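The primary structure of each chain is shown beneath.
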Amino acid sequence: MDEMVRPHICLIYGTRPEAIKLAPVYRELKQRAGVFDTTVVVTAQHRQLLDQMLTVFGIKPDVDLDIMREGQTLSQVTCRALEALQTTLHRLAPDMVLVQGDTTTVFTGALAAFYEQIAVGHVEAGLRSENKYSPFPEEINRRMTGVLADLHFAPTPGARERLLAENTPGEQVFVTGNTVIDALQMMNAGCAPMPDATARLVEQVSGRMILVTVHRRENLGVAFTQICTALQRIVHDFPDVSVIWPMHPNPIVRRAAEEMLGDHPQILLCEPLDYFGFVPLMAAADLIITDSGGIQEEASALGTPVLVTRDTTERPEGIAAGVARLVGVETDTIVTAATELLTNPSAYARMSEPTSPYGDGQAARRICDVLEFHFGLSERRPEDFSTTDHDDATIAGRPQ
Ligand code: UD1
Ligand code: UDP
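Now for a look at the structure at hand. A quick note: this is a predicted structure, and the numbers were derived from the prediction, not measured. (Residues numbered from 1 in each chain as written. Chains lettered and ligands numbered in written order. Predicted model: local features only at pLDDT ≥ 70, side-chain atom pairs only at ≥ 80, totals over all residues. Heavy atoms only, no water.)

**What about the overall build of the chain?**
Worth spelling out the cut-off: Here a helix means four or more residues in a row that DSSP labels H or I, a strand means two or more in a row labelled E, and each is numbered from the N terminus. Here the radius of gyration uses the C-alpha set of atoms, whereas the globule reference equals 2.2 Å times the residue count to the power 0.38. Any residue under 20% of the maximum accessible area for its type is buried, any over 50% is exposed, and the rest in between are partly exposed; the area is computed with a 1.4 Å probe on protein chains only. The contact definition used throughout considers only heavy atoms, calling two residues in contact when any of these lie within 4.5 Å. Where accessible areas are quoted, they stem from the Shrake-Rupley method and a 1.4 Å probe; at the residue level, only the protein chains shown are allowed to cover. Counting rule for charge: Lys and Arg are taken as positive, Asp and Glu as negative, and neither His nor the chain ends is counted. Note on charges: their place is set at NZ of Lys, CZ of Arg, CG of Asp or CD of Glu.
In terms of helices and strands, the chain carries 16 helices and 13 strands. For 400 residues, the compact-globule estimate of 2.2 N^0.38 gives 21 Å, and the C-alpha radius of gyration of the chain, at 21 Å, lies within 12% of that figure. Based on the C-alpha atoms only, the size of the chain along its principal axes is roughly 70 × 45 × 40 Å. Burial status across the chain gives 58% buried among its 400 residues. At a minimum sequence separation of 6, the contacts of the chain that also span at least 24 residues come to 70%. Of the roughly 16,300 Å² of accessible surface on the chain, a fraction of 51% belongs to carbon and sulfur atoms. With 33 positive and 53 negative side-chain charges, the chain shows a spacing of 1 Å between the two charge centroids.

**Structural notes on the sheet that holds strand β10 (residues 267–270)**
Formally: A pair of strands counts as paired when DSSP detects no fewer than two bridges linking them. Every axis in this analysis is a line fitted to C-alpha atoms, fitted for helices over the stretch in contact. Angles between the N-to-C directions lie between 0 and 180 degrees.
Taken in spatial order, the 6 strands make up an open sheet running β10-β9-β8-β11-β12-β13, and their pairing is parallel. Looking at the sheet topology across the chains shown, the edges are occupied by β10 and β13 (324–326). Between one strand and the next, the sheet's axes are offset by a mean angle of 20 degrees, whatever the strand orientation. Pairing of strand β8 (residues 208–213) with strand β9 (residues 241–246) involves 4 bridges; the strand directions are parallel. Within β9, the position partnered with M209 by the bridge is S242. Together, β8, β9, β10 and β11 (287–290) form the strand contacts of helix α9 (residues 222–237), whose direction differs from that of β9 by roughly 150 degrees.

**A word on the pattern of salt bridges**
Let me state the cut-off plainly: Here, a salt bridge means any side-chain nitrogen of Lys or Arg that lies within 4 Å of a carboxyl oxygen of Asp or Glu.
Summed over the entire model, instances satisfying the criterion amount to 29 salt bridges. The partner of E124 in a salt bridge is K21, and the shortest N-O contact between them spans 2.7 Å. Of this pair, E124 sits in the loop between β5 (119–123) and α5 (138–148) while K21 is found in helix α1 (residues 16–31), placing the two residues 103 residues apart along the sequence. Each member of the pair, E124 as well as K21, is classed as buried. When the shortest N-O distance is used, the salt bridge between R160 and E161 registers 3.7 Å. Since its relative accessible area comes to 23%, R160 is described here as partly exposed. For E161, a relative accessible area of 46% gives the class partly exposed.

**Some points on the state of the cysteines**
Chemically, a disulfide is nothing more than a covalent bond linking the sulfur atoms of two cysteines. Applicable threshold: Put simply, a disulfide is two cysteine sulfurs that come within 2.5 Å.
Applying the stated criterion across every chain, the model contains 0 disulfides. Free of any disulfide, C270 has its nearest neighbouring cysteine sulfur in C228, separated by 14 Å. Of all cysteine sulfurs in the structure, the one in C10 sits closest to C368, which takes part in no disulfide; the separation is 14 Å. Taking relative accessible area as the criterion, C368 reaches 0% and is therefore assigned buried.

**Topic: the sheet that holds strand β3 (residues 63–64)**
Taken together, the 7 strands give an open sheet; going across it, the order is β3-β2-β1-β4-β5-β6-β7, and neighbouring strands pair in parallel fashion. Each edge of the sheet is formed by a strand with only one pairing partner; in this case those strands are β3 and β7 (173–175). One ladder, built from 3 bridges, connects β5 with strand β6 (residues 151–154); its direction is parallel. The residue bridging H122 from the neighbouring strand is H152, located in β6.

**What to know about the site of ligand 1**
Condition: In these notes, residues near a molecule or strand are those with any non-hydrogen atom within 4 Å of it. Distance and chemistry together define a polar contact, namely a pair of N or O atoms within 3.5 Å, with one atom able to donate a hydrogen and the other to accept it when in protein, and with adjacent residues in sequence counting only for side-chain atoms on both sides. Under the scheme applied, nonpolar residues are Ala, Val, Leu, Ile, Met, Phe, Trp, Tyr, Cys and Pro; charged residues are Asp, Glu, Lys and Arg; polar residues are all the others, including Gly.
What surrounds ligand 1 is a group of 24 residues, the closest being Q45, H46, Q48, L49 and E138. Between L49 and ligand 1, the recorded distance is 2.8 Å, taken from a backbone N or O atom to an oxygen atom. At 2.9 Å from an oxygen atom of ligand 1 is found a side-chain nitrogen or oxygen belonging to H248. Here ligand 1, which alone exposes 750 Å², has 95% of that area covered by the protein. Broken down by class, the residue content of the shell around ligand 1 amounts to 7 nonpolar, 10 polar and 7 charged.

**Digging into empty space enclosed by the protein**
Counted only if it meets this: Think of a 1 Å grid over just the protein atoms. A cavity is a set of points where a 1.4 Å probe fits yet cannot get out, a pocket is an open set with protein on both sides within 12 Å along at least five of seven lines, and lining residues have an atom within 4 Å of a point. Grid points are joined across faces, edges and corners, and a volume is the space filled by probe spheres set on the points.
One pass over the structure, following the stated rule, counts 1 cavity of 30 Å³ or more. When its volume is computed, the largest cavity comes out at roughly 50 Å³. Taken together, L127, P155, T156, R162, N178, E297, E314, R315, E317 and Y358 make up the lining of the largest cavity.

**Looking at the packing of α1 against helix α2 (residues 48–57)**
Two numbers describe a pair of packed helices, the interaxial angle and the distance between the axes. Rules: Throughout this description, any angle smaller than 35 degrees is read as roughly parallel, any larger than 145 degrees as roughly antiparallel, any in the 65 to 115 degree range as roughly perpendicular, and the remainder as oblique. A clockwise turn of the near helix away from the far one marks a right-handed crossing, whereas an anticlockwise turn of less than a right angle marks a left-handed crossing.
Interhelical geometry of α1 versus α2 gives an angle of 15 degrees and a closest axis separation of 8 Å. If you check the angle between α1 and α2, you find them roughly parallel. Seen from above, α1 lies across α2 with right-handed handedness. Across the interface between the two elements, R16, A19, I20 and A23 from α1 touch L49, L50, M53 and F57 from α2. Residue composition of the contact of α1 with α2, grouped by class: 7 nonpolar, no polar and 1 charged.

**Side note on the site of ligand 2**
Taken together, 18 residues sit near ligand 2, with R16, L273, G293, G294 and E298 positioned nearest. A distance of 2.5 Å separates an oxygen atom of ligand 2 from a polar side-chain atom of E298. In the complex, 95% of the free accessible area of ligand 2, which totals 540 Å², lies under the protein chains. Elements that contribute at least two residues to the shell around ligand 2 include exactly α1, α11 (275–284) and α12 (293–302). Sorting elements by how many residues they give to the shell around ligand 2 places α12 first, with 4 residues.

Nothing here speaks to function; it is geometry throughout.
What follows is the structure, given as structure tokens:
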């Protein structure tokens, strides 16, 4: 009997959030090794942050392009990634490339695939802030990736609606849930014991704990100073509150955070944690202040209130569900929002109900089902993720 020819799926990624969110897809593809041939190409747009996550998920890339340079500019990342990716794709000749999200690796991965006339699947498609400079350059990266994609894996019904409003053909759009919820479940979120590295951090602070991350390009400069000033004021007003901030390795972020907050006894600036260590920290936090995309989604599922230090968000679902609040980057507004949560138990309770508008932990399975459908290996179009029937999948379990 002829051996079935397996479609060759090539995952391309390069930064921390892509590594986390594609890990469940990689696992699912590997579980279907009789159906798909899978390769992993990393640009390593991030070096240390990517390696941390490759270790956590036990993934050894087939190709590592190692493009990161300290202080790299957007055009440097774009040029280095695009050239190396096209050469690699020419050699590997996969049947489909999968990219996730909105980084420069994502856009260049899709563009290189297009140049090689290879089909593109976009995971986490259809997120839009409708402001081309916020987040910068991610809003445009994901729009350009959308133009190049053949399959659009929208995480939520809202993302699907945005794609359809841009005339993306409906038959190319599948609502899958966000793979970050699958990744959280892989960490056994809320139930696994806290790893030693995280426990040691938590022991160093006392009282209530605010977890902070800030790294976005549009927040560097004045906005960054305003956010740090807000943190100074919050810990001044609340002597029982401490801040833990695992800093992004970007030297601009580190320099500014250390300058403004480095010596404060209630503020702990530390190295980034791997995902095993970071998920329990999000669950243990009383409050999260962040400009991260992924953390907004995770915090909703964990039921940790999150203040988003941005003027726009392409993730309105967490705000509609009441777990996230968009607070901008003005010092006063951030302090006022944090103060309300730290002093008003009913406001706090309203924001700390775990909810999962972003997925049910089945996104990777749906994506692979869609791939089977696309390649004619199954006849039935997979059903979309629906936000009304996921109640049993909420990740509960914030430690007391
Ligand atoms: C990138 C993505 C952003 C994503 C973020 C996740 C783009 C344009 N931006 O932004 O969408 O939210 O990753 O973290 O793709 N660095 C290291 N080691 C690392 C990672 C970064 O030293 O492991 C330093 C390097 O000096 C690097 C700088 O951080 O030059 C910035 O990294 P870069 O990937 O260009 O941008 P991010 O701000 O990380
Ligand atoms: N994260 C982590 N360790 C840290 C900080 C963040 O594992 O010290 C995880 C976090 O849980 C989320 C992802 O990294 O899944 C977010 O990455 P980042 O903030 O770099 O990117 P964004 O989501 O903003 O694009």
